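Single-letter residue listing:
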Amino acid sequence: VELPEVLLPAARRYRPDLILVSAGFDAASSDPIGGARVSPRLFGAVCEELRRLAAELCRGRLLLALEGGYCADALREAVGEVTSALVDGGAPSGAAFAKPPWWLGPLPASA
């Protein structure tokens, strides 16, 4: 939820020339150190949204630097999903985070 609500407005206001991501994968579900439960597909989905944002703000300039992950199998799967998001999707279309991502599931009704 923080990505569309915090990152998106800040990025649009700042209008960077390049989006640089410190791509750590220690949040992967099977990582022994990270203690989180992020699926490899989620890493890919976030990368897809970041590609859209880079296309909107900085002519597609998106750089990811691998910096963490301590389970070789989880790292292989997560990096594979991110790589697929970068090269398999063609040119990104649509606005970044324009609709709630599939991985959030249904959002609760507002009170």
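Here, every reference points to the structure presented above.
Cut-offs applied
- Residues numbered from 1 in each chain as written.
- Predicted model: local features only at pLDDT ≥ 70, side-chain atom pairs only at ≥ 80, totals over all residues.
- Heavy atoms only, no water.
- Salt bridge = Lys/Arg side-chain N within 4 Å of Asp/Glu carboxyl O.
- Helix = DSSP H or I, 4+ residues; strand = E, 2+ residues; numbered from the N terminus.
- Buried < 20%, exposed > 50% of the residue type's maximum accessible area, 1.4 Å probe, protein only.
- Contact = heavy atoms within 4.5 Å.
- Expected span 1.5 Å × (residues − 1).
- Arc of directions from axis to C-beta.
- Core = buried A, V, L, I, M, F, W, Y, C linked by side-chain atoms within 4.5 Å.

**Student:** Could you clarify how one ought to interpret the pattern of salt bridges in this entry?
**Tutor:** If the charged atoms of two oppositely charged side chains come close together, the side chains can form a pair. Applying the stated criterion across every chain yields a total of 5 salt bridges. The residue Arg12 makes a salt bridge to Glu56 at a minimum N-O spacing of 2.6 Å. Residue Arg12 is found in helix α1 (residues 2-14), and its partner Glu56 is found in helix α2 (residues 40-57); the two are separated by 44 residues along the sequence. Accessibility expressed as a relative area gives 32% for Arg12, which makes it partly exposed. Between Glu48 and Arg41 there is a salt bridge, and its shortest N-O distance comes to 3.2 Å. By relative accessible area, which is 27% here, Glu48 ends up partly exposed. Residue Arg41 is classed as partly exposed on the basis of its relative accessible area, which comes to 31%.

**Student:** I tried to follow the environment of Phe97 on my own but got confused; where do I start?
**Tutor:** Structurally, the position occupied by Phe97 is in the segment after α3 (72-87). Along the primary structure Phe97 and Leu3 are separated by 94 residues, whereas in three dimensions their C-alpha atoms are 8.0 Å apart. If we skip the residues at most four places from it in the chain, Phe97 touches Leu3, Pro4, Leu8 and Glu49.

**Student:** Quick question: what am I supposed to make of α3 here?
**Tutor:** Because the α-helix completes a turn every 3.6 residues, residues three or four places apart line up on one side. A rise of 1.5 Å per residue sets the reference length of α3, with its 16 residues, at 22 Å; its end C-alpha atoms lie 22 Å apart and thus fit the reference within 8%. Turning to α3, its buried residues are Ala74, Ala78, Val82 and Ala85. End-on view of α3: buried residues confined to an arc of 55°, all on one side of the axis. With respect to the buried face of α3, the exposed residues turned more than 90 degrees away are Ala72, Arg76 and Val87. On its buried side, α3 packs onto α2 and β2 (62-68).

**Student:** Explain unusual backbone geometry here, please?
**Tutor:** Peptide bonds are trans in most cases, and residues, glycine excluded, mostly fall at negative phi. If you check the backbone angles, Arg15 has positive phi at about 55° while not being a glycine. Tracing the backbone through its elements, the reader meets Arg15 in the loop between α1 and β1 (19-24). The residue Arg59 is not glycine, and still its phi comes out positive at about 50°.

**Student:** What's the story with the nonpolar core in this structure? I'm lost.
**Tutor:** A general trend in soluble globular proteins is that nonpolar side chains are found buried together. Judged by nonpolar contacts, the single largest core of 25 residues is most densely connected at Ile19, Val21, Phe25, Phe43, Leu50, Leu53 and Leu62. It is α2 that provides the largest number of residues to this core, a total of 8 residues.

This is a description of form; function is not addressed.
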